[in-house]
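Residues per chain are reported as follows:
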Amino acid sequence: MAPIKEKAFDKASRYLFLTMALAVIKQDRQHIMNGGYKIKEPYLELIGKMEMVAREERRHLRKFMDDHHVQVVETSRHEAFTTFSFIAQGYEEKRNYFNPAIRKKVQLILQELMERALKRTNV
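Keep in mind the model is a prediction, meaning the values are calculated, not measured.

Hydrogen bonds between backbone atoms are what pair the strands of a sheet, whose relative direction is either parallel or antiparallel. Spatially, 3 strands are ordered β1-β2-β3 in an open sheet, and the strand pairing comes out antiparallel. Each edge of the sheet is formed by a strand with only one pairing partner; in this case those strands are β1 (70-77) and β3 (91-98). For this sheet, the mean angle separating the axes of adjacent strands, direction not counted, is 25 degrees. Bridge count between β1 and strand β2 (residues 81-88): 7 bridges; the pairing is antiparallel. In the strand pairing of β2, Val 73 is matched with Ser 85. In the packing of helix α1 (residues 6-34) onto the sheet, contacts are made with β1, β2 and β3, and the angle to β2 comes to roughly 135 degrees.

Here it is as structure tokens:
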């Protein structure tokens, strides 16, 4: 199993974790809408901007992946680890991720998306 090119791996990895972050954003939107918030609009606005930033970036990553024939697929999930296959130009590389590490990576992406969304607001 030959390693895939670093750029292809980086783009596919970012796409994977960005997709997970979007799922969290969707869930958080539901929690805000159904929660006991007295004034929901500011939170929903921030979540909406974060989602817009994430979707825009993911669209660019998806185009890169399509153009370079890159795929990422979840191959197995266990209590502590999840395995993903990264496929690019005929090569496949399997990576095991510790589930708490996945959570941390998604959390960092959410913080980054929040900062980017707030910068767009302040411009």
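Across the 8 residues of β2, 6 count as buried, placing the element largely inside the fold. Linkage of β1 to β2, two consecutive antiparallel strands, is achieved through a turn of 3 residues. In terms of strand pairing, β2 meets β3 through 8 bridges, oriented antiparallel. Within the sheet, the bridge partner assigned to Ala 88 lies in β3 and is Tyr 91. Joining the antiparallel neighbours β2 and β3 is a turn of 2 residues, in which Gln 89 adopts a positive phi near 45 degrees.

Analysis parameters
Along each chain, residue indices are assigned from 1 in the same order as the chain's sequence is written. Predicted model: local features are reported for residues with pLDDT of at least 70 only, side-chain atom pairs are reported and counted for 80 or more only, and whole-chain, interface and lining totals are derived from all residues. Working from all heavy atoms in the structure, the side-chain values ignore hydrogens and water. For two strands to be treated as a pair, DSSP must find at least two bridges joining them. Going along the chain from the N terminus, every DSSP run of H or I of four or more residues is numbered as a helix, and every run of E of two or more is numbered as a strand. To get an axis, fit a line to the C-alpha atoms, keeping to the stretch in contact for a helix; angles then go from 0 to 180 degrees between the N-to-C directions. Contacts are assigned to residue pairs with any non-hydrogen atoms lying within 4.5 Å of each other. To sort residues, take the accessible area from a 1.4 Å probe on protein chains only and compare it with the maximum for the residue type: under 20% means buried, over 50% means exposed, and anything in between is partly exposed.

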